[in-house]
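Inside the fold
One letter stands for each residue in the lines below.
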Amino acid sequence: MNEIYAHIIHTDEKNIEQRTQSLEAHSLHVAEMAKSFADDFGCGDIAYVMGVLHDKGKEQIEWQKYILGVTGYNKEYSNIKQGPNHSYVGACIAQKQYPQLAPLIAQPIAGHHRGLYDYSDYIEETKRDIPKDVSWGEPVPCTFHEQTQLKQHDLHHIVRMLFSCLVDADSLDTEDFMTPEQAQLRGSHTPMEELLWKLERHLQTLKEKSADSEVNHIRNYVQEQCIKASGGEIGFYSLTVPTGGGKTLSSVLWALHHAVTNHLQHIIIAIPYTSIIVQTAATLKSIFGEENVLEHHSNVSYESHCDKDDNEEDEVALQLKLATENWGYPIIVTTNVQFFESLFSNKRSDCRKLHNIVKSVVILDEVQTLPLGFYKPIVHTLDTLKRVFHTSILFTTASQPILSGRIEGVNLTVGFDALSNVREIIPVNAHLHDKLRRVKLEFMESAKNYDEISCELSKHHCVLCIVNTRKDAKEIFERLPDEGIRLHLSRMMCPVHISETIQYIKDTLKIGSKKPVRVIATHLIEAGVDIDFPIVFRQEAGLDSILQAAGRCNREGKQGICTTYVFSLGKEHPLPTGFITQTNNARLNMGSGYDWFSPEAMTNYFQQLYSRTSNFDLAQMQELLYKQNCEFEEASKQFQLIKDQTISVIINWNGSLNLYQQLISQGPSYSIMKKLAQYSVSIREKDFLLLHKIGAIEEPFEKIYAITNPKFYKQD
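1. Thoughts on the overall build of the chain
Scanning the chain from N- to C-terminus turns up 28 helices and 21 strands. By the compact-globule yardstick of 27 Å for 716 residues, the chain fits well, its C-alpha radius of gyration being 28 Å. Burial status across the chain gives 56% buried among its 716 residues. Residue pairs in contact within the chain that sit at least 24 positions apart in sequence constitute 77% of those at least 6 positions apart. Taken together, the 71 basic and 90 acidic charged side chains of the chain have centroids lying 5 Å from each other.

2. Overview of the nonpolar core
One broad trend across soluble globular proteins is that nonpolar side chains are buried collectively. Ile105, Leu162, Phe339, Phe340 and Leu382 are the most contacted members of the largest nonpolar core, which has 151 residues in total. Per element, the largest residue contribution to this core is ten residues, and it comes from helix 7 (residues 155–178).

3. Comments concerning the environment of valine 70
For valine 70, the location among the structural elements is in helix 3 (residues 61–70). For valine 70, a relative accessible area of 46% puts it in the partly exposed group. On a C-alpha basis, the gap between valine 70 and lysine 81 in space is 6.4 Å, while along the polypeptide they are eleven residues apart.

4. Overview of helix 20 (residues 495–511)
In this model helix 20 runs 24 Å from its N-terminal to its C-terminal C-alpha over 17 residues, within 8% of the 24 Å that 1.5 Å per residue would give. All buried positions along helix 20 are accounted for by Pro495, Val496, His497, Ile498, Thr501, Ile502, Ile505 and Thr508. Directly after helix 20, the chain includes glycine 512, whose backbone phi takes a positive value near 80 degrees.

5. Thoughts on the pairing of strand 1 (residues 5–10)
Within strand 1, five of the six residues are buried, leaving the element largely enclosed by the surrounding structure. Two strands pair when backbone bridges link them, and strand 1 and strand 2 (residues 18–22) are joined in this way by five bridges, in the antiparallel orientation. Looking at the pairing, histidine 10 lines up with glutamine 18 of strand 2.

6. With respect to the sheet that holds strand 3 (residues 236–240)
Overall, parallel pairing links the seven strands, which are arranged 5-6-4-7-8-3-11 in an open sheet. If you trace the sheet from one side to the other, it starts and ends with strand 5 (293–296) and strand 11 (422–424), each paired once. Sheet twist, expressed as the average angle between the axes of neighbouring strands with direction ignored, equals 20 degrees. As defined by bridge partners, strand 5 adjoins strand 6 (residues 331–335) across four bridges and the pair is classed as parallel. In the sheet register, glutamate 295 faces strand 6, and the bridge partner there is valine 333. Most of the contacts of helix 14 (residues 336–343) go to strand 6, to which it runs at about 90 degrees, and overall it touches strand 4 (267–271), strand 5, strand 6 and strand 7 (361–365).

7. Quick look at the pattern of salt bridges
Pairing of side chains with opposite charge becomes possible as their charged atoms draw close. All chains considered together, the criterion is met by 28 salt bridges. A network of salt bridges, in which partner residues are shared, links Lys151, Asp154, Asp383 and Arg387.

8. Digging into the packing of aromatic side chains
Remark: the centre distance and the inter-plane angle together describe each pair of aromatic rings, the angle taken between the planes. If you walk through the whole model with that rule in mind, you get 21 aromatic pairs. Relative to tyrosine 66, the ring of tryptophan 63 has its centre 5.7 Å away and its plane inclined at 70 degrees; by these criteria the two rings are edge-to-face. In this pair, tryptophan 63 and tyrosine 66 both sit in helix 3, three residues apart, roughly one turn of the helix. Residues tyrosine 237 and tryptophan 254 carry aromatic rings whose centres are separated by 4.9 Å and whose planes lie at 55 degrees to one another, so their mutual orientation is tilted. With tyrosine 237 in strand 3 and tryptophan 254 in helix 11 (residues 247–262), this residue pair connects regions lying 17 residues apart in the sequence. A connected cluster of aromatic rings, assembled from ring pairs, spans Tyr375, Phe416, Tyr605, Phe606, Tyr610 and Phe616. Taking NZ or CZ as reference, arginine 128 lies 3.8 Å from the ring centre of tyrosine 88, over its face. The ring centre of phenylalanine 477 lies 4.5 Å from the NZ or CZ of arginine 486, which sits over that ring.

Criteria and cut-off values
- Residues numbered from 1 in each chain as written.
- Predicted model: local features only at pLDDT ≥ 70, side-chain atom pairs only at ≥ 80, totals over all residues.
- Heavy atoms only, no water.
- Helix = DSSP H or I, 4+ residues; strand = E, 2+ residues; numbered from the N terminus.
- Rg over C-alpha atoms; globule rule 2.2 N^0.38 Å.
- Buried < 20%, exposed > 50% of the residue type's maximum accessible area, 1.4 Å probe, protein only.
- Contact = heavy atoms within 4.5 Å.
- Lys, Arg positive; Asp, Glu negative; His and termini not counted.
- Charge placed at Lys NZ, Arg CZ, Asp CG, Glu CD.
- Core = buried A, V, L, I, M, F, W, Y, C linked by side-chain atoms within 4.5 Å.
- Expected span 1.5 Å × (residues − 1).
- Pairing = 2+ DSSP bridges.
- Axes fitted to C-alpha atoms, helices over the stretch in contact; angles between N-to-C directions.
- Salt bridge = Lys/Arg side-chain N within 4 Å of Asp/Glu carboxyl O.
- Phe/Tyr/Trp six-rings, centres within 6.5 Å; stacked < 30°, edge-to-face > 60°.
- Lys NZ or Arg CZ within 6 Å of the ring centre and 35° of its normal.

Here is the structure:
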């Protein structure tokens, strides 16, 4: 065989098109593209070598026979249905030619199809003999340009980032050859300067329309401080702004100015709750255009169910799906879970996008929600992103946790050194918590039972009550008098039902209602939902949660000083064991006499909370990854921010059955699945099994579940 192929397109006799891509051309394209990605963090030489070597195993005569046969290019080999493993070959060559750099070069090559290996499995792979029909050639000169003094927790991220460069370059070049029309859909990036111009124009329009109020003066002040601080170098920044201070658009304004100043490539906004993501993404799309904002989370999934027909809607679906593969958009709005779990994954599909975090701005919204059991690896990852990958991080919240200095746990062995030099954008002497003070907290002295708290709520014409569990919400809701407008909000409602209910509440509050308006909600309403009640009740919890609840009270400051009441349900209905109890105890241990809205109170609260934490690394990332012999696959399995396994089911509510019938008759498509996601609820596995046992669950297609009986989903 004279020609050695990487890819072949061979069509039947009716179509004369026939195209081949040589292995040399593919390897060179991948090497050059991977190098261009990795040059941004000083590893361009290494990435180039990976590209050259990654498909060396395809030189095997048996692999060449396989590709000739399976594509129909040479019918003599049509009986060969599987080629020999090829990924290990380039890794073996790298081990021999670059012994000092082998952990960086060989591991990504070995796993470039199946994912990064655990160390012992990787060693077994690279112990194998190099096939005799594979040529070695002279090694390409290669240097590791170390740009910063590396720490223990850097190495696994460098390997994973090189893996990202290789697999994305490999995928993009393969796509460019196999489906060039699809490759063209990836488009080009809008420059950060143009996006900044769009935002500044939008903010100017808002100012012209806004009333001359104290709240709007403060929002303008926050924006001015963001512009002023944006000229700083790449690093850690925090934007601590009380609820109502306009931190969402201010943070993006800072990010765009900062990106222009420091020549950064993407704005990545990581948010804890999908309800906030949907709201934030919609706002940003209205400013920057849908073509510049990628919304990537579980409710909007583009990874599967794309239609095969060539129509405009499916082209958009495909374009969005392609973007989620490697985050090829200038602005990405995603979840904390998607962001951090990808940074600890070993899978090709998860890691492919990671290199686009390099030289970007990451905005971590509501940073206080990051789980304490994962604090250590998360904080160390942020440190690596900044030092090694030249990424700026902005922490935004009304309740800023302690992220710098020494984090102390229950004893000295638990603590660890966190970030250095986190720069606060808003000056301490601005006293925004005083200027935006619209609420006082009142802690109810005696515990209440369900009947007593529902009686307290019934005394108020317009009131919001936030509790810790769906059970508590249900019990209190059912005890409220059946009068006026009585609403429930929890994750047992589908997304469209939640959105419509929140919008209905907003509209009702805006126009005023002669009827009583009483809402019982779980914490889903606490962060990022622009809602304004004159009275709020909050079941006891951590100080950050209580202040978030207070942010739904007198939000626009039009009613003087209003009250948020904090109550306990007592021993009869104790708090769930675990994190909620831990946060509540931290608050109780602070004592009294605080200005609860002050930064000093928040600092004290988090010190109390950390001092009750026995492990900041529950998934044992230090043991698995902080060494040269990294256990990538095991770490990927263990690093799960949300352990509670749930299953999504389509429910029967408000016209969803029409969509469900389309699914049955037409099969899964992007457009139908996207719409049905809005009529789905994630339920616990034990509830799913119970519903399945009584025959309530339908499965029209594999792993697509539905409950069509209306008795299982109540309007209220």
